[in-house]
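In case you want the letters, here they are:
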Amino acid sequence: KSPLYMPDLDASSKAEDFLSTTMGNKDSAGGIVECIISGVPAGIGETVFEKLDANLAKGIMSIGAIKGVEIGAGFDAASMLGSQDNDNFYVDNTGIHKYSNNAGGILGGLSDGSEIILRAAFKPTPSISATQQTVSTTGENININIKGRHDPIIVPRGVVVVESMAAMTLVDLLFLNMSTRMDKFTEFYHRKFLHLITGKGLPYFLSYSFYFYLILSVKPSFFCTLRNVFIDTYCAFSSLALITLSI
């Protein structure tokens, strides 16, 4: 098993040697974490304001030390021709597939059902023992040597962080996608929630809640804010009930 959490043990051995040399020079190094997400259904995300790739990039860029994010072919796509970058499709007995995945599983802001591939670039650890130049609180040019124990690289620690941020982003968009179709919304709560409840009180409440939502959904923009508040409150109430029942 790689101590750097790298899937290629030969590459991991070379990286360990490189880091040993880097530490001997009182320096640090950065690196790239690649995250591959499988099993995401097609249609997750939105085409403009809540694009799947935009939300993933926002989430990953919110992680400390991240300086860049690319999806699929990423920056390499800038040097490709359209005929090279385009992912061609084919169909067989198991469904529709792609010959390549330069899009990284996301087209037009929506998941296309294939693997989502993203890469996050971590900067080198800034706390190094080598002499650096800075400015003192009195405005003087000075040299500084940072003392103490500091990791020569933070990329191995960042693997699980990137995974977690990608997972949270997808869960958020999955719930958003679920609420765009009432049949999926009701199916989820009937399957995961209603069958756990006995009696008429709560099922009747949920039924009237859906009716109330349908009324609000066809009203003018005056009700848009009220509708959103209702959805948030409804989801929070139902989630709390699910958690309570599962304990």
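Now for a look at the structure at hand. (Residues numbered from 1 in each chain as written. Predicted model: local features only at pLDDT ≥ 70, side-chain atom pairs only at ≥ 80, totals over all residues. Heavy atoms only, no water.)

1. Re the packing of helix 2 (residues 52-61) against helix 4 (residues 155-178)
Now for step 1: Where helix 2 contacts helix 4, the axes come no closer than 9 Å and their chain directions differ by 140°. Compared by their axis directions, helix 2 and helix 4 come out oblique. Relative to helix 4, the crossing made by helix 2 is right-handed. Contacts from Leu-52, Asn-55, Leu-56, Gly-59 and Ile-60 in helix 2 reach Val-162, Met-165, Ala-166, Thr-169, Leu-170 and Leu-173 in helix 4.
Now for step 2: For the contact of helix 2 with helix 4, the residue count by class is 8 nonpolar, 3 polar and no charged. (Axes fitted to C-alpha atoms, helices over the stretch in contact; angles between N-to-C directions. Helix = DSSP H or I, 4+ residues; strand = E, 2+ residues; numbered from the N terminus. Parallel < 35°, antiparallel > 145°, perpendicular 65-115°, else oblique. Left-handed = near helix turned anticlockwise from the far one by under 90°. Contact = heavy atoms within 4.5 Å. Nonpolar A, V, L, I, M, F, W, Y, C, P; charged D, E, K, R; others polar.)

2. Let's talk about the side chain of Ser-136
Now for step 1: Take Ser-136: it is sitting in the loop between strand 8 (132-135) and strand 9 (141-144).
Now for step 2: Classification of Ser-136 by relative accessible area gives buried; the value is 18%.
Now for step 3: One polar contact links Ser-136 to Thr-138, side chain to side chain, over a distance of 2.9 Å. (Buried < 20%, exposed > 50% of the residue type's maximum accessible area, 1.4 Å probe, protein only. Polar contact = N/O pair within 3.5 Å; in protein donor to acceptor, adjacent residues only side chain to side chain.)

3. What to know about helix 1 (residues 9-24)
Now for step 1: Given a rise of 1.5 Å per residue, 16 residues ought to cover 22 Å, and the 23 Å separating the end C-alpha atoms of helix 1 matches this to within 8%.
Now for step 2: Considered for burial, the residues of helix 1 that qualify are Ser-12, Ala-15, Leu-19 and Thr-22. Viewed along the axis of helix 1, the buried residues span an arc of 80°, placing them on a single side of the element. Turned more than 90 degrees away from the buried face of helix 1, the exposed residues are Asp-10, Lys-14 and Gly-24.
Now for step 3: With a side-chain oxygen lying 3.0 Å from the backbone nitrogen of Asp-10, the N-terminal cap of helix 1 falls on Asp-8.
Now for step 4: Count one or two residues on from helix 1 and you reach Lys-26, which has phi positive near 60°. (Expected span 1.5 Å × (residues − 1). Arc of directions from axis to C-beta.)

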